[in-house]
Amino acid sequence: MVALAVRATTAAADGPPVALASSSAETIVIVDTGPPRGGPGDLDGAAPDDRDRARALGEAPFVSIVHPGDRLGEQVDLASVLAGGVGTQVRSLGGLGAFASLSVRGAAAGHTALIVDGVPVSRVSTVAADLGRVPLDGFDRVDLYRGAVPIELGGAGVGGALVLSTRLGPTEAGERLVLSLGGGSFGARHLRARYGERHAEGRLASVVTLGYVGADGDFAYFSDGGTPLSAADDRELVRGNNGYDQLDLGARLGTVDDRVVGGVRLVGKRQGVPGPAGTPTTAAELSSAGLVGDGAWSTEVGAWTARQGGYAAVEAQAFVDRDGEIGVGVQDRRYLLGALGASTTWTRPLGEGGHALGLGAEVRGELLRDRDRLGDGPALTGERGAGAALAAVDLALVDGRVVVTPAVRLEAVVTAPPDDPQVPVGDGLEPRWDVLPSPRLGARWSLAEEVAVKGSVGRYARLPTAPELFGDRGTLVGNPALRPETGVAAEVGAVWAPATALGALDRVRLEADAFASWPRSTIALVSAGGNVARPLNLGDATLRGVEVSAALRLARRVSVAANYTRLDTAQHTAEAAFDGQPLPRQPGHALAARVDVAVRVAGHLVAPWLDLDWQASSSLDQAGLRQVPARGVLGAGVRAELGGGLLVGAEARNLTDVRVVDLALANPPGPGLSSVPTPLADVAGYPLPGRAFYLTVAWRR
């Protein structure tokens, strides 16, 4: 937690100023009376400043910010947007809508907390938050904390936190209604609506979002027939049982000053579970429905500002595999995950020197129930309760140009595993207690109005999730004996973000940082036979790297966003074959870039774009024996305004149709066989689609 908040005040075109709050090391007030920001039109908009400049310079954490409205007219989801971010790796099980997880700075996917409108969804959801289930268009801002995380957001693990926020009322560009529909390759289709309005003479604001997205997922992929050293059975197959349909609905209402806000969000999805390419399925299916409700309000108590909040979340899943194609056999199971939580944070200034104090507490309870519809036994139930206390002090030094923030979070958790006589690891285990202290020190030094140096160091902890502890009896066997994974992480870097144009460069932001972490008792999923995995505490590891990113706009015509990540990882374990090897699926180099060109034709925007996502080779296994070759994927498209609020976008993903890559053999069997063809894939055995085309039509008013 950081005791005070950055408050960016934007004068909207049709109402009073709207305050947008986010964690920071001091209070910075910016009054923007210029034209509304956001949307594709901001590519050549008159406002010269970077709208995220205040946060980049005023916050100690390093945060990547995504504004989904800027991508209107494109076929994008949360996974594809984050895949091109600095320090991030996204792993997918095969195309649109498939399970996708996020790795930040080399940390395991479970280390990145997912927080939706203040609700810690990842604590009760799957082992790693499934980005494939998150409707990007249902949110107005995405913040990815890449390392240090404000402790009121949970402190997170060494992999940071992904925070999704919904804006009340009209969009940032001032639009009340936004409609979007489109379709494309492999049966992709979507339909989405957003309506935001102000009420009570501008004192209240609301927003409602409704969306549908689906795909058939029937793309062609390369198969080596299970014999990588023989080309005799190599062939092209079509992915089956890979379709999905998803509906989402969200509604929020609150005061424009954010003192009172609340809402609900519902997501339902039905999808095939295709299995690896070598053992595809024909009928395995997973259905899920999640409902989240939350509310928060602020009050003034003397010199204190108190913020209270609460939430309730429930997720139901049905996994049906009547042919026994996946997991431990024939299955028809029902799972229920639920949580209740409440929190309070109190902040106050200390004197007049810019110092501030913040205190807080939170409680939560979680439940998992597993019922086998094919068996006669009772439903299995596991429970967990937790409480946390947190404190932070902002110390403003050198006339406020240096802000040092020591902070600590202390969490206590009690876990009661299910008493399942059929599963030895859960039979007769007593409730367990975990006490997790997480101290941290953050600092920010404003060298000049446009330059800031910042960094942090601290201890972090990640508790096993409910499915990791209790299992889902489908593809994951629970392990109630799992220890929390802890780690020490540090980062330091600088940001340069001029407020005024530098000649033809009218928007400039450069950021560079170095980071390192030392996770202990690493939790990883290890194969337990077939397609079943079990979470285990493995050895320790060291992760270190460098991130460089740049965002530039030239003469209100060309916008460039690029980033590079250098990552060096090493395992530390008693197993000689693994010790010193890089962590699996973590490439040492990654580069992403996007170029947008804005041209006005008869007053209408035409904006072609080109992007590149490249990564170096990496290994699939702990011993580094199975390698994934380096690859680069190109994308291109164009968006055009047609008048009357109508916008059309066309694009091609994986433009060069990369589906097969050559895999170098570590120990070639002969001089004529030094490499073998392998399908393009993020996770071993789950192929990704080749070239794909999409068309999107959007209307705004």
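Let us look at the structure shown here.

Procedures and definitions
- Residues numbered from 1 in each chain as written.
- Predicted model: local features only at pLDDT ≥ 70, side-chain atom pairs only at ≥ 80, totals over all residues.
- Heavy atoms only, no water.
- Phe/Tyr/Trp six-rings, centres within 6.5 Å; stacked < 30°, edge-to-face > 60°.
- Helix = DSSP H or I, 4+ residues; strand = E, 2+ residues; numbered from the N terminus.
- Pairing = 2+ DSSP bridges.
- Polar contact = N/O pair within 3.5 Å; in protein donor to acceptor, adjacent residues only side chain to side chain.
- Core = buried A, V, L, I, M, F, W, Y, C linked by side-chain atoms within 4.5 Å.
- Buried < 20%, exposed > 50% of the residue type's maximum accessible area, 1.4 Å probe, protein only.
- Contact = heavy atoms within 4.5 Å.
- Salt bridge = Lys/Arg side-chain N within 4 Å of Asp/Glu carboxyl O.

1. Thoughts on the packing of aromatic side chains
So, step 1. Applying the stated rule across the entire model yields 2 aromatic pairs.
So, step 2. Measuring from ring centre to ring centre gives 5.9 Å for phenylalanine 186 and phenylalanine 219, while their planes differ by 70°; the resulting arrangement is edge-to-face. One end of the pair, phenylalanine 186, is in the loop between β11 (177–184) and β12 (188–199); the other, phenylalanine 219, is in the loop between β13 (204–215) and β14 (220–223), with 33 residues separating them in the sequence.
So, step 3. On the basis of an interplanar angle of 70° and a centroid distance of 6.4 Å, the ring pair of tryptophan 304 and tryptophan 346 is categorised as edge-to-face. Taken together, the positions of tryptophan 304 in strand β19 (residues 304–321) and tryptophan 346 in strand β20 (residues 331–350) put the pair 42 residues apart, joining distant regions of the chain.

2. Focus: the sheet that holds strand β4 (residues 63–66)
So, step 1. The sheet built from 5 strands is open, its strands ordered β4-β9-β10-β7-β8 with mixed pairing. Since the sheet does not close on itself, it has two edges, and those belong to β4 and β8 (119–120), each with one partner.
So, step 2. Two elements, strand β9 (residues 141–145) and strand β10 (residues 161–165), share 5 bridges in a ladder whose sense is antiparallel. Bridging across to β10, aspartate 143 finds its partner in valine 163.

3. Observations concerning the side chain of arginine 409
So, step 1. Locating arginine 409 in the fold gives a position in strand β23 (residues 402–416).
So, step 2. A distance of 2.8 Å separates the side chain of arginine 409 from the side chain of glutamate 362, its partner in a polar contact.

4. Observations regarding the nonpolar core
So, step 1. With 20 residues, the main nonpolar core has Leu78, Leu82, Leu102, Leu131, Leu162 and Leu164 as its most contacted residues.
So, step 2. Not counting residues within four places of it along the chain, the set of residues in contact with leucine 78 comprises Leu131, Val134, Leu136, Val142, Leu162 and Leu164.
So, step 3. Among the nonpolar cores identified, the runner-up in size contains 7 residues, and Val63, Ala113, Ala161 and Val163 belong to it.

5. Section: the pairing of strand β18 (residues 285–301)
So, step 1. Here 13 bridges tie strand β17 (residues 260–272) to β18, and the two strands are oriented antiparallel to one another. Of the residues in β18, the one forming a bridge with leucine 266 is leucine 291.
So, step 2. Here 17 bridges tie β18 to β19, and the two strands are oriented antiparallel to one another. In the strand pairing of β19, alanine 296 is matched with glycine 309.
So, step 3. Connecting the antiparallel pair β18 and β19 is a turn made up of 2 residues, with glycine 302 showing a positive phi of about 65°.

6. Details of the pattern of salt bridges
So, step 1. Under the counting rule described, the total for this entry stands at 55 salt bridges.
So, step 2. The closest approach of N and O atoms between arginine 594 and aspartate 596, which form a salt bridge, is 2.9 Å.
So, step 3. Overall, arginine 594 belongs to the buried group, its relative accessible area being 12%.
So, step 4. Counted as one network, the salt bridges with shared partners bring together Arg71, Glu74, Arg594, Asp596, Asp611, Arg639, Glu651 and Arg653.

Bear in mind that shape data such as this cannot, by itself, settle questions of function.
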